[in-house]
Amino acid sequence: MSTPFSGPAFTLTDDLGATTDVIVVGVFSGADGAAITLDPGVPEAARGSVAEALALVGATGKAGETARVPAPAGSGLGGATVLGTGLGAAPAEGAPVPAETVRRAAGTAARALDGVATAATTLSALDLGATVEGAYLGAYRFTEFRNTSAPKKAPLGALALLAAPASEALAEEARATVDQARLTAAAVSLARDFVNTPPNVLSPAEFADRAERLGTEAGLEVQVLDEEYLAGNGYGGIVGVGQGSSRPPRLVRLRHASGVDGAKQVALVGKGITFDTGGISIKPAAGMENMTSDMGGAAAVIATVILAAQLGLPVDVTATVPMAENMPSDTAQRPGDVITQYGGTTVEVINTDAEGRLILADAIVRACEDDPDYLIDTATLTGAQMVALGTRTPGVMGTEAFRDRVAELSQSVGENGWPMPFPEELRADINSRVADLANVSPHRWGGMLTAGVYLQEFVADGVQWAHIDVAGPAFNTGSAFGYTPKGGTGVPVRTMLAVLRDIAQRG
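Keep in mind it's a predicted model, so treat the numbers as computed, not measured. Every chain is numbered independently, its residues counted from 1 as its sequence is written. In view of the model being predicted, local features appear only for residues whose pLDDT reaches at least 70, and side-chain atom pairs are presented and counted only at 80 or more, with totals across whole chains, interfaces and linings using the full set of residues. Computation of side-chain values covers all heavy atoms of the structure but excludes hydrogens and water.

Before going further, it helps to examine the UniProt feature "binding site: Mn(2+) 1" (unreviewed entry) in the protein. UniProt positions are given in the numbering used here, feature names are shortened, and annotations may be inferred rather than shown by experiment. Mapped onto the present numbering, the UniProt feature "binding site: Mn(2+) 1" (unreviewed entry) falls at D276, D353 and E355. A stretch of 80 residues holds the annotated residues, and the largest C-alpha distance among them is 8.7 Å, short enough that they meet in one place. Under the scheme applied here, a residue whose accessible area is under 20% of the maximum for its type counts as buried, over 50% as exposed, and between as partly exposed, the area being computed with a 1.4 Å probe on protein chains only. Overall, the relative accessible area of 2% leaves D276 in the buried class. Excluding anything up to four places from it in sequence, D276 contacts K283, M288, M291, D294, N326, D353 and E355. Only heavy atoms enter the contact rule, under which two residues are in contact if any of them lie within 4.5 Å.

As structure tokens, this is what we get:
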């Protein structure tokens, strides 16, 4: 296991005249062809000359755009060059710039600063935490398996953040904001690292070992259940999916105990299929390499419970993480097999490529035995999620009030979860001819919702539950954008963190 990406070094500054390699400024696009304007953190004496220089090289302020120019003489800026990063249209007078706009602009800038040792930015005057998160995540890279083709330029080394707190109390608050944003970004990066690790390395056993090591370091209570325990104690979904592989399954339990009397109990469950061939119902070859990401839900859950401990959140969080590899072999489960999920429900396996819901069901039943107040499960569960919502919008399902709460919080942090319904007619579609349930519907309509309806069968009465399908959002197969790289994205770590904080505050 290589050293994880540590991000730029962040410091606070009130002096943009100090020597540095690059000054990063935010650029607003002008309405109806009007001249660009700069973010308010740019010193008044430098605004005109910097805006003019950026305009000369074609800067428009469009979101996702960067332009770099020599620092104008007499501007008072200490950078050798100025990098303008687009913020889009300026908000109405007096309105704040949205945090996600700042986060994406900082990420875009960080991606453009490969090879730069030191930089300073005025974006932090708009939103300090969002700037730190965006810059850290934009600078992220995964190089564990590179050798001769290693990137020639190192990521951004250090970023000074413009901030001029009026008192020591405010300065301390600013430092705390930086620290928390950095920890959050590091957790997202950890989830990305897990997803980007190739499946020949990240077997279920290795995944469990890494989770155990990291959890122990974070002070979590850790339990790892092996294949013998799972088989002997009725975890038919995990065992059934994993039996086709020579690398046996695991179930990992990680607990952050807050020590706060009366703290709310939150269960997290994440799908950990370390590679998914589809099993006997094998997938097409084209694009199958992307199934290295089929443990994205587990990666996010592990990163989130570790983050909860690092931040000392006053809420008790228990992660239950099933891990298996779905392979075709002479020992693999077959379409038509009947398995018994943990807790006793029998299931006819119609399609072995609908394996995620089988391992999640076992984990959900086990998680509900702890009598949680809330349960969130997340998974790269269905291709239907991408058909319905595209590759950047998670589908959020579950008990109505909590579903909407999770979706709203997801949107507030820029991960953009969208609430989806459970039409009552879909339940009949998973009736089986020979068992209590079938693992798929006889038709392809509403596939994301049907998977959620299946999981709903295993959630205990009285538990507020949300299911987050991140089949597309957890893994970016396109070009990098904003603070999101190609490959693992770390979605929905920040959504789950926002929910945990909200539960800690509001109950």
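Quick look at the sheet that holds strand β14 (residues 346-348) now. Any two strands with at least two DSSP-identified bridges between them are counted as paired. The helix count covers DSSP runs of H or I at least four residues long, the strand count covers runs of E at least two residues long, and both are numbered beginning at the N terminus. Read from one edge of the open sheet, three strands run β13-β14-β18, paired in mixed fashion. The strands lining the two open edges of the sheet, one partner per strand, are β13 (338-340) and β18 (437-438). Looking at chain direction, β14 and β18 are connected through two bridges and run parallel. Opposite E348, over in β18, you have A438 as the bridge partner.

Here we take up the side chain of T131. With respect to the secondary-structure elements, T131 resides in helix α3 (residues 128-139). Assessed through its relative accessible area of 1%, T131 is described here as buried. Any pair of nitrogen or oxygen atoms within 3.5 Å is treated as a polar contact; in protein, a donor-acceptor pairing is required on top of that, and neighbouring residues in sequence qualify only through side-chain atoms on both sides. A polar atom in the side chain of T131 sits 2.8 Å from the backbone oxygen of D127.

Buried Ala, Val, Leu, Ile, Met, Phe, Trp, Tyr and Cys residues that are joined via side-chain atoms within 4.5 Å together make up what is termed a nonpolar core. F194 and I302 are the most contacted members of the largest nonpolar core, which totals 88 residues. Ranked by the residues each element gives to this core, the list is headed by helix α8 (residues 296-311), at eleven residues. Here the limits of each domain have been adopted from an automatic or database domain assignment. Looking at which domains feed residues into this core, each of domain 1 (9-161) and domain 2 (190-506) supplies at least three. Setting aside residues no more than four positions away along its own chain, I302 makes contact with F194, F207, A211, L254, V321 and M323. Residues L358, A367, C368 and M397 belong to the second largest nonpolar core, which totals 41 residues.

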